Amino acid sequence: MKPAKTMRNDDEYTMFGPNGGGSWTTLERREFLKLAGGGLIVFFAVGDGLALQEGQRGGGYPDDPNAYLKVGPDGRVACFTGKIEMGQGIFTSLAMMLADELDVPLDSVDMVMGDTALCPYDAGTFGSRSTKYFGPPMRLAAAEARGVLVRLASARLGAAEDALLTKDGAVYVAKSPAKRATYAELIGGKKIAIRLEQKPPIKHHTKHLVSGKPALRTDARAKVTGEAKFTGDIRIPGMLYAAILRPPAHGAKLASVDTSAAERFPGARIVRDGDLVAVLHDKPDLAAEALALVEAEFGPSDSKLDNTIIFAHLKQVESRSEVVVESGNLDEGAKLAAKTVERSYFAHYVAHAPSEPHTAVVRIDADKAEVWASTQSPFRARQEVARTLGLPEANVRVMTPFVGCGLGGKNQGGQIVEATRLARLAGKPVQVAWTRKEEFFNDSFRPAAVYDVRAGLDAANRIVLWDYKNYQAGSRSSQPVYDIPHKRVLSFGGGWGGGGEGAVRAHPFATGAWRGPGSNTNIFATESHIDVMAEAAGMDPLAFRFHNLADARMKKVVTAAADKFGRTFAKAPTGHGYGIAITDYLGTYVATMAEIEVDKQKGTVRVRRVVCAQDTGEVINPEGARMQIEGCITMGLGYALTEEIRFKDGRVLDENFDTYEIPRFSWLPKIEVVLVDNPDMAPQGCGEPAVTVMGAVIANAIYDAIGVRMHTLPMTPARIKEALAAKR
Amino acid sequence: MDKTIRFKLNGKEVLVDSPPERMLLWVLRTDLGHTGTKYGCGEGFCGACTVLVDGKPTLSCQFPLAGAEGKSVLTIEGLARGGRLHPLQQAFVDEGALQCGYCTPGMILQAYALLLRKPNPTEAEIADALDVNLCRCGSYNRIIAAVRTASQAMKMKVVDHEAR
């Protein structure tokens, strides 16, 4: 290791780093150091650290004022991450990665998540990216900290650095392990800040003692005792709860409002800012009771769409198109094709329906604001709050308690801006917690979408033509994983976000990323059509896939699933109800097989068994990975079979779980997960991939069971009965 | 109009001055600071707000405060004793029977009520009793495993106790 130069004292911190100096100790960084207390702290310089995190701010981004980790005077390690915990388990898996690299016990790692005053900038927790993109720089930071501790130990123990080893939070002399110093002893009262400028070597996965072995969730104890705090559990002196007046339909404008009766409600306070009308009360239920006394009239919605005409609309609406992939020549492919089959597929809107509705607490104190929010994007929330209040971002601190499911829906923070506006109006801290009805109304739904697929087989049953168009779904996972010489994939529209400002409005309400965005429905269309082609080829769907796959890694994953499934596929329909669907989700490979039964009289589907094999690169916490896959499979039953937002003229007709049915205990299939070993590949994402094949695998199993091809998600009893009737 | 309602909360006598028609959920969370009980849907469709009233699973978002008068209410905060987790809580930890954890208090209390009336339930009986509780993360398979594990652990505990 290079000798370190002590560059500068600032707030008593000794800064290590070759090019230190005044420029990198910003006001914000001083604030961080003050909040962080003493110890050994690792910052990142411009470049490596940020480059390793995907999708961050563009060029010219200054040093992040906040650190990745701290080894405290007591030897405990704090991991600072702008990521948040919403059930996906990174509270545990990131701590495991850190424990390995720094050689400390897992239970001495404290996770500090989603706090904009303490954590390095982060674009948001989505896209199964936390382990993949935050993990690597964090490992570097940990390796650097370990190097500094070894250097300190070298001086203290009078041994050369290369004669020292680290284990269990201590440095010891390799040849006489009794000569040792704990990290706590080495740090003592010191305050050391390191700026990482060069990549230190990190451990090979074979040296990991914690990662790769199943670990229990470290947040579980707090969650089974009721101690775990979610945003709605934050209590601040003087805080008022808001109940907000909502329009009956999207696009309906407030025409008149009479709040006089609500004003007479004991303890109620009415606040208004343009269209934002709310009742504040120190009891949330009484705020809601008083809101019911507000008399309001709204104009009509400008939307004339509903579920029955949405697909025609989505194809007609003016949309920009993107060529996702194009190779070979479609005309050439068509010439080579002995058989061509063309079909359309459709997917309706679905809701995120997170367990915890969107919630925020905002306290404004002179020119500073503190925010607690159930959000997947705390730094974006900080920006929005700062903009709303006209304050610099540095004056706003967003903290993220445990988040009760995100599923993509908590990238949008409408409740945070509402709480900010209301807190400013009231001059008091305000909590906004959406009701379930508000959650279903204000959600950013997974967009409804249409798919046109044309594929051709040559005489040898190879797919030689693939002409794929999706309208409004977004492009993710729309590329076929098969080896096809002549193909083109087009994506029309602005994707799941609806195209943003200025785009032609495709949807009657907000749309957004929904766990595995784009992919769930693209794979429904793609993998359904692969089964259609298998039948055209006269082949069983498993053999047909192998016949058209070139990717060895994918073949290995499909084989692993087939071995576990242990059933013999034959040309569909066989009456067995076996299905298969596979995907490459942003580098994670998934092969899922299912066994189902269909009640032809009722049109209901009972999924009996699901086998999922997944190659996600190095697996940090096998137990956590299994949980995510099992959860994906269970959740995926919903969008496959029942979940559909019904709407008319701007109104959202599904308002609660009575009509919007999500999976429950009685639906549960037997679930078997195979983690395909691939530790030499860096960790890939795990929170979403397995959900994305669920629509397709069930559609294919339905076809195998009853010989009816379902072209529309969700595959409700009514649609199955209709398809059966049409077949007769 | 406020009324004084007296009931036992996790074994301790409490008095609440409040309009008695308010739902118990909000009184627990706001007036009594017991935030372990969660709001999920407000209409009794999801089970997140489940507490036990005199041993019976009760949707606290649908249960007026007045109904608690003179009764015994158990919330998630009352299950662990002296820092020791109840075997059911421990089983949820050991089986990884939660992800985001928001539905967990309601799940555990629903399962606890089941074990009170049926100490050794089958998997089908567990799924049936818990079918009213929703988990968006999809931890159902592990929750069933946890309840089975807990039922065995609790049986062992009774045996232990009797042996002594």
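Just so you know, these numbers come straight off a predicted model, no measurement behind them.

What counts and what doesn't
- Numbering of residues starts from 1 in each chain and follows the order in which that chain's sequence is written.
- Chains carry letters from A onward and ligands carry numbers from 1 onward, assigned in written order.
- It should be noted that, the model being predicted, local features are given only for residues of pLDDT at least 70 and side-chain atom pairs only at 80 or more, the latter also being counted only at that level, while totals for whole chains, interfaces and linings use all residues.
- Labels follow the DSSP assignment, with helices taken as runs of H or I lasting at least four residues and strands as runs of E lasting at least two, numbered in each case from the N terminus.
- The reference for a compact globule is 2.2 Å times residues^0.38; the radius of gyration itself is calculated from the C-alpha atoms.
- Partly exposed residues are those whose C-beta has more than 12 but fewer than 20 other C-beta atoms within 10 Å; with 20 or more the residue is buried, with 12 or fewer it is exposed, and the C-beta atoms are placed from the backbone.
- By the criterion used throughout, residues are in contact when their C-beta atoms, derived from the backbone, lie within 7 Å.
- Should DSSP find at least two bridges between two strands, the strands are regarded as paired.
- Axis lines are fitted through C-alpha atoms, for helices just across the contact stretch, and the angle between N-to-C directions can take any value from 0 to 180 degrees.
- What fixes the domain bounds is an automatic or database domain assignment.
- Any residue outside Ala, Val, Leu, Ile, Met, Phe, Trp, Tyr, Cys, Pro, Asp, Glu, Lys and Arg is labelled polar, Gly included; the first ten of those are nonpolar and the last four are charged.
- Values of pLDDT, ranging from 0 to 100, describe the predictor's confidence in every residue of the model.
- To define a nonpolar core, we join buried Ala, Val, Leu, Ile, Met, Phe, Trp, Tyr and Cys residues through C-beta atoms within 7 Å and take the resulting set.
- Oblique is the label for every angle not falling under 35 degrees (roughly parallel), over 145 degrees (roughly antiparallel), or within 65 to 115 degrees (roughly perpendicular).
- Each crossing is labelled by how the near helix is turned from the far one, with a counterclockwise turn of less than a right angle marking it left-handed and a clockwise turn marking it right-handed.

Q: Please set out the overall build of chain A residue by residue, giving values where relevant.
A: Each helix and strand counted, chain A has 19 helices and 31 strands in total. In terms of C-alpha radius of gyration, chain A reaches 28 Å, essentially the compact-globule figure of 27 Å for 728 residues. Overall size of chain A, expressed as C-alpha extent along the three principal axes, is 85 × 75 × 45 Å. Buried positions account for 57% of the 728 residues belonging to chain A. Of the contacts made within chain A by residues no fewer than 6 positions apart, 76% connect residues no fewer than 24 positions apart.

Q: Describe in detail the sheet that holds strand β27 (residues 604-615) of chain A, supporting the description with residues and values.
A: Residue and element names in this part refer to chain A. Spatially, four strands are ordered β25-β26-β27-β30 in an open sheet, and the strand pairing comes out mixed. The sheet is open, and its two borders are formed by β25 (578-585) and β30 (670-675), each paired with just one other strand. Looking at each pair of strands side by side, their axes are set apart by 20° on average, direction ignored. As paired elements, β27 and β30 share six bridges and run parallel to each other. Paired with A613 across the two strands is V674, which belongs to β30. Its contacts with the sheet place helix α17 (residues 622-641) against β27 and β30, and it is angled at close to 135° to β30.

Q: Report on the interface of chain B and chain A, specifying residues and quantitative values.
A: For interface size, the figure often reported is the accessible area lost on association. Across the boundary between the two partners, chain B contributes 43 residues, which contact 46 residues of chain A. For the side of chain B that touches chain A, the secondary-structure elements that each account for two or more residues are α1 (24-31), α2 (87-94), α3 (104-117) and α5 (140-163) of chain B. The element contributing the most residues to the side of chain B that touches chain A is α2(B), with four residues.

Q: So what's going on with the domain arrangement of chain A? Which residues, and what values?
A: Residues and elements named next belong to chain A. Domain annotation of chain A identifies domain 1 (6-225), domain 2 (231-299 + 358-433) and domain 3 (310-349 + 445-727). Taken together, the contact pairs 16 residues of domain 1 with 17 residues of domain 2. Along the lines of polarity and charge, the residues of the side of domain 1 that touches domain 2 split into six nonpolar, six polar and four charged.

Q: Give me the confidence of the model for chain A: which residues, what numbers.
A: Residues and elements named next belong to chain A. Overall, the prediction assigns chain A a mean pLDDT of 92, with 93% of residues at 70 or greater. Throughout residues 17-25 the model reports pLDDT below 50, and contacts reaching past four residues in sequence, or to other chains, amount to 18 contacts. Low pLDDT, under 50, characterises residues 49-62; the stretch is placed with 19 contacts to residues that sit more than four places away or in other chains.

Q: Quick rundown of the domain arrangement of chain B? Include the residues and the values.
A: Residues and elements named next belong to chain B. Structurally, chain B comprises domain 1 (3-78) and domain 2 (87-163). On a C-alpha basis, the centroid separation for the pair domain 1 and domain 2 is 21 Å. Contact residues are listed per partner, giving 16 residues for domain 1 and 13 residues for domain 2. Going through the elements one at a time, β3 (50-53) and β4 (56-59) are the ones with two or more residues in the side of domain 1 that touches domain 2. Looking at which element gives the most residues to the side of domain 1 that touches domain 2, the answer is β3, with three residues.

Q: I'd like a description of the pairing of β25(A), backed by residues and values.
A: Residues and elements named next belong to chain A. Burial of β25 is extensive: eight of the eight residues sit out of reach of the surface. On β25, burial covers both faces: Y578, I580, I582 and D584 on one face and G579, A581, T583 and Y585 on the other are all buried. Alignment of β25 against strand β26 (residues 588-599), held across eight bridges, turns out to be antiparallel. The partner of D584 across the bridge, within β26, is Y589. Hairpin remark: β25 followed by β26, antiparallel, with two residues in the connecting loop; positive phi at L586, about 50°.

Q: Before we move on, could you go through the environment of B:M154 and cite the residues and values that matter?
A: All names here are of chain B. Looking at the secondary structure, you find M154 in helix α5. Classification of M154 as partly exposed rests on a count of 17 C-beta atoms within 10 Å. Through-space distance from the C-alpha of M154 to that of P19 is 40 Å; in sequence the pair is 135 residues apart.

Q: If you had to explain the pairing of β4(B) to someone new, which residues and values would you point to?
A: Residues and elements named next belong to chain B. Summarising the sheet, β3 and β4 pair through four bridges and their orientation is antiparallel. By the bridge assignment, T50 is partnered in β4 with L59. Counting the residues between successive antiparallel strands, the hairpin from β3 to β4 contains two residues, one of them, D54, with a positive phi of roughly 50°.

Q: So what's going on with the confidence of the model for chain B? Which residues, and what values?
A: Mean pLDDT for chain B: 95, with 95% of residues reaching 70 or above. With pTM at 0.94, the complex prediction returns an ipTM value of 0.96.

Q: Now, about the nonpolar core: what can you tell me, with residues and values included?
A: Residue and element names in this part refer to chain A. If you look at the biggest cluster of nonpolar residues, it comprises 238 residues, and the most contacted ones within it are L69, C79, L98, A561, I698 and I702. Per element, the largest residue contribution to this core is 12 residues, and it comes from helix α4 (residues 130-157). Leave out the neighbours within four places in its chain, and L98 touches L69, V77, C79, V109, M138 and A142. By size, the runner-up hydrophobic cluster in this structure holds 39 residues, among which are V271, V361, M399 and V430.

Q: Just give me the short version of the packing of α2(B) against α3(B), but keep the residues and values in it.
A: Residues and elements named next belong to chain B. With their axes 10 Å apart at the nearest point, α2 and α3 run at an angle of 130° to one another. Here α2 is positioned oblique relative to α3, judged by the angle of their axes. Handedness of the α2/α3 crossing: right-handed. Taken together, the residues of α3 that come into contact with α2 (itself represented by L88, Q89 and F92) are T104, I108, A111, Y112 and L115. Taken together, the residues that form the contact of α2 with α3 break down as six nonpolar, two polar and no charged.

Q: I'd love a proper account of the sheet that holds strand β9 (residues 176-182) of chain A, names of residues and values included.
A: Residue and element names in this part refer to chain A. The strand order β7-β8-β9 describes an open sheet built from three strands, whose pairing is antiparallel. A single partner strand is all that each edge strand has here, and the edge strands are β7 (164-167) and β9. Taken over all neighbouring pairs, the strand axes of this sheet differ in orientation by 35° on average, direction set aside. Here strand β8 (residues 170-173) pairs with β9 via four bridges, running antiparallel. For A170, the partnering residue across the bridge sits in β9 and is T182. Each of β7, β8 and β9 is contacted by α4, which is oriented at about 125° to β7, the strand it contacts most.

Q: Now, about the environment of B:P87: what can you tell me, with residues and values included?
A: Tracing the backbone shows B:P87 in helix α2. For B:P87, a count of 21 C-beta atoms within 10 Å gives the class buried.

Q: Kindly report on the packing of α17(A) against helix α18 (residues 694-706) of chain A, identifying the contributing residues and their values.
A: Residues and elements named next belong to chain A. Interhelical geometry of α17 versus α18 gives an angle of 65° and a closest axis separation of 8 Å. Of the two possible hands of crossing, α17 and α18 adopt the one that is right-handed. Listed contacts from α18 to I633, G636, L637, Y639, A640 and L641 of α17 are M694, G695 and I698. Looking at the contact of α17 with α18 residue by residue, the class counts come to seven nonpolar, two polar and no charged.

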